[in-house]
Amino acid sequence: METVRTIICPQCATVNRVMAERDARKARCGSCKASLFDGHPVEVDTVMFDKQTGRSSVPVLVDVWAPWCGPCRMMTPAFEEAARLLEPDLRLIKLNSDEHQEIAARLGIRGIPTLILFAHGYELARTAGAMTTQQIVDWVRSKLPPGS
């Protein structure tokens, strides 16, 4: 079992090491002092996306969306609620595919909204289409290995 978790600060992208037995909801960034988890998805740019998906020991759920997309806007409250339910065992991030087309291309995004689940730098699963909060939570839990 992991004794230390690597958690990326959602504000400054600093890599933080947090003891596994410590409540991550109460942990603060060693650099900027921001809360490491606040129950809200994190809007990401290229640097933040790469750090969150590549360096974190906490699994990451990415919502690839665009402001003009009706189903994406419909799913926003469900994704927000899923963050409150799944953190700190999972980091939820939002990637605007219009603003970060290079990442969307790298991910092979063909339609939005698309959810992609990462763990330890690797894509575990993906699905496209709007979902309810319960569908998001159930889908994530069905894709993560036991004990994740």
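No experiment lies behind these values; they were computed from the predicted model shown. Residue numbers restart at each chain and count upward from 1, following the sequence in its written direction. In keeping with the model being predicted, local features are shown solely for residues with a pLDDT of at least 70 and side-chain atom pairs are shown and tallied solely at 80 or more, while totals for entire chains, interfaces and linings include all residues. Each side-chain value is derived from all of the structure's non-hydrogen atoms; neither hydrogens nor water enter the calculation.

Concerning the overall build of the protein chain
- Counting from the N terminus, the helices are DSSP H or I runs at least four residues long and the strands are E runs at least two residues long. Secondary structure assignment for the protein chain yields four helices and seven strands.
- Going from the N terminus to the C terminus, the protein chain shows its helices and strands as β-β-β-α-β-α-β-α-β-β-α.
- Atoms counted for the radius of gyration: C-alpha only. Globule rule: 2.2 Å times residue count to the power 0.38. Against the 2.2 N^0.38 benchmark of 15 Å for 148 residues, the protein chain shows a C-alpha radius of gyration of 14 Å, consistent with a compact globule.
- Dimensions along the principal axes, computed over C-alpha positions, put the protein chain at roughly 40 × 30 × 25 Å.
- Residue contacts are defined here by distance: any two heavy atoms, one from each residue, within 4.5 Å place the two residues in contact. Restricting to contacts in the protein chain with at least 6 residues of sequence separation, those with at least 24 account for 62%.
- Every accessible area reported is derived by Shrake-Rupley at a probe size of 1.4 Å, with residue values counting cover from the shown protein chains alone. For the protein chain, the accessible surface area stands at approximately 7,600 Å², while carbon and sulfur atoms represent 51% of it.
- Separation between the mean location of the 18 positive side-chain charges and that of the 17 negative ones in the protein chain comes to 4 Å. His is not counted, nor are the chain ends; Lys and Arg add positive charge and Asp and Glu add negative charge. Charged groups are reduced to one reference atom each: NZ for lysine, CZ for arginine, CG for aspartic acid, CD for glutamic acid.

So, the packing of aromatic side chains
- Working definition: a ring pair exists when centres of Phe, Tyr or Trp rings (six-membered ring for Trp) sit within 6.5 Å. Plane angles under 30 degrees give stacked, over 60 give edge-to-face, the rest tilted. For the coordinates displayed, the defined rule picks out one aromatic pair.
- The cationic tip of Arg 91 hangs over the ring face of Phe 37; the distance from NZ or CZ to the ring centre is 4.2 Å. The rule is short: NZ of Lys or CZ of Arg within 6 Å of the ring centre and within 35 degrees of the ring normal puts a charge over the ring.

Section: unusual backbone geometry
- Each neighbour pair has its own omega, and for Glu 87 with Pro 88 the value is 5°, a cis peptide bond.
- Here the bond from Ile 112 into Pro 113 is cis, since omega is -5°, no more than 30 degrees from zero.
- With respect to the helices and strands, Pro 113 occurs in the loop between helix 3 (101-107) and strand 6 (114-119).
- Backbone geometry places Ala 13, a non-glycine residue, at a positive phi of 70°.
- With respect to the element layout, Ala 13 can be found in the loop between strand 1 (4-8) and strand 2 (15-19).
- With a phi close to 70°, Lys 33 is a non-glycine residue in the positive phi region.
- With respect to the secondary-structure elements, Lys 33 resides in the loop between strand 2 and strand 3 (42-43).
- Only protein chains enter the area calculation, which uses a 1.4 Å probe; residues under 20% of their type maximum are buried, those over 50% are exposed, and those in between are partly exposed. A relative accessible area of 53% places Lys 33 in the exposed class.

Considering helix 4 (residues 133-143)
- Along helix 4, the positions that sit buried rather than exposed are Thr 133, Ile 136, Val 137, Trp 139 and Val 140. One face of helix 4 carries all of its buried residues, which in axial projection span an arc of 165°. Those residues of helix 4 that are exposed and angled more than 90 degrees off the buried face are Arg 141 and Ser 142.
- In this fold, the buried residues of helix 4 make contact with strand 4 (60-65), helix 2 (70-86), strand 6 and strand 7 (122-128). Our arc is simply the arc of the directions from the helix axis toward the C-beta atoms.

A look at the pairing of strand 4
- Across the six residues that make up strand 4, a large majority, six, are buried.
- What you see with strand 4 is no split at all: Val 60, Val 62 and Val 64 on one side and Leu 61, Asp 63 and Trp 65 on the other are buried throughout.
- A pair of strands is considered paired only if DSSP assigns at least 2 bridges between the two. Of the pairings in the sheet, the one linking strand 4 to strand 5 (residues 91-96) comprises six bridges and is parallel in character. Looking at the pairing, Val 62 lines up with Ile 93 of strand 5.
- Classification remark: right-handed applies to a crossover when, strands pointing away from the viewer, the course from the first strand over the helix to the second runs clockwise. Between the parallel pair strand 4 and strand 5, the chain is carried across by helix 2, and the sense of this crossover is right-handed.

Comments concerning the side chain of Asn 96
- Note on placement: Asn 96 falls in strand 5.
- For the purposes of these results, a polar contact is taken to be a pair of N or O atoms within 3.5 Å, where, inside protein, one atom must be able to donate a hydrogen and its partner to accept one; residues adjacent in sequence count only when each atom of the pair is a side-chain atom. At 2.9 Å, the side chain of Asn 96 and the backbone nitrogen of Asp 98 are in polar contact.
- When near neighbours in sequence (up to four residues on either side) are disregarded, Asn 96 contacts Trp 65, Ala 66 and Pro 67.

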